[in-house]
Amino acid sequence: MTKLAVLISGRGSNMQSLIDACADDAFPAEVGLVVSNVPGAAGIDRAREAGIPATVIDHTTFDGRQAFEAELDGVLRGAKPDLVCLAGFMRLLTDGFVQRWRDRVINIHPSLLPAFKGIHVHERVLESGARISGCTVHFVRPAMDEGPIIIQAAVPVEPDDDVDTLGDRVLSQEHRIFPLAVRLIAEGRVRVVGERVIIDGAEIPDGALMNPAGP
Ligand code: GRF
């Protein structure tokens, strides 16, 4: 059984998607610990309601990034997770931390990386005129929203979309691909080779998402 630590900063809907997936006995992972860097984040209550220990490590109370990460590292070492899942965790992690946990930390991002890294993603997608957006799960590297890509899902951008409608459409796919990435990793099917991901027995979908749809 693969043990997960889930790091959050906010509402925790992606964390919830992992908790829900883990509730199925056939799912090869369990959530051992939730850590929030934001006191009062809604996700903390959601975790506790599911009976999962949730810890707050408030970054504002530490003297710099290193000190915050030393505490985070200590808490994680205590819990001994096999995989650390960044689920809307809004802190950049330094080189040292990322190297120590290399290929054991994954992140979910609401765009088709490497496009639209960073924040305010849906706003920037809409401004760009892109007709397809989506979401990505990737292994974490020191640079923001960079690292070997494990899985992506694409959705159309609709003509009357606003940040909320596009965000909801992408989020519903996030809730599918995050647990799927965890399952593939837990099944030992995911390898990082030269900064690309190889998945044993990956099912490749047929066809293409076109927007507008063609004949
Ligand atoms: C998600 O869109 C995730 O991709 C991004 O931050 C948001 C977190 O939402 N990194 P939630 O806290 O999981 O609901």
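Residues numbered from 1 in each chain as written. Predicted model: local features only at pLDDT ≥ 70, side-chain atom pairs only at ≥ 80, totals over all residues. Heavy atoms only, no water.

So, about the overall build of the chain. The number of helices and strands found in the chain is six helices and nine strands. The C-alpha radius of gyration computed for the chain amounts to 17 Å, which stays within 12% of the reference 17 Å derived for 215 residues, consistent with globular compactness. Overall size of the chain, expressed as C-alpha extent along the three principal axes, is 55 × 35 × 35 Å. Burial statistics for the chain: of 215 residues in total, 45% are counted as buried. Taking the contacts inside the chain whose residues are at least 6 apart along the sequence as the reference set, 63% of them involve residues at least 24 apart. Per element, the accessible surface of the chain, about 10,800 Å² overall, is 51% carbon and sulfur. Placing the 21 positive and 30 negative side-chain charges of the chain at their respective mean positions leaves the two points 6 Å apart. (Helix = DSSP H or I, 4+ residues; strand = E, 2+ residues; numbered from the N terminus. Rg over C-alpha atoms; globule rule 2.2 N^0.38 Å. Buried < 20%, exposed > 50% of the residue type's maximum accessible area, 1.4 Å probe, protein only. Contact = heavy atoms within 4.5 Å. Areas by Shrake-Rupley, 256 points an atom, 1.4 Å probe, with all protein chains shown as cover. Lys, Arg positive; Asp, Glu negative; His and termini not counted. Charge placed at Lys NZ, Arg CZ, Asp CG, Glu CD.)

Turning our attention to the site of the ligand. Close to the ligand lie Arg11, Gly12, Ser13, Asn14, Gly88, Ile108, His109, Pro110 and Glu174, which account for all nearby residues. A distance of 2.5 Å is found between an oxygen atom of the ligand and a side-chain nitrogen or oxygen belonging to Ser13. Within the backbone of Asn14, an N or O atom sits 2.8 Å from an oxygen atom of the ligand. Look at the ligand: alone it shows 360 Å² of surface, and the protein chains cover 86% of it. (Near = heavy atom within 4 Å. Polar contact = N/O pair within 3.5 Å; in protein donor to acceptor, adjacent residues only side chain to side chain.)

With nine of its ten residues buried, helix α1 (residues 13–22) lies for the most part within the structure. Here α1 has its buried residues at Ser13, Asn14, Met15, Gln16, Ser17, Leu18, Ile19, Ala21 and Cys22.

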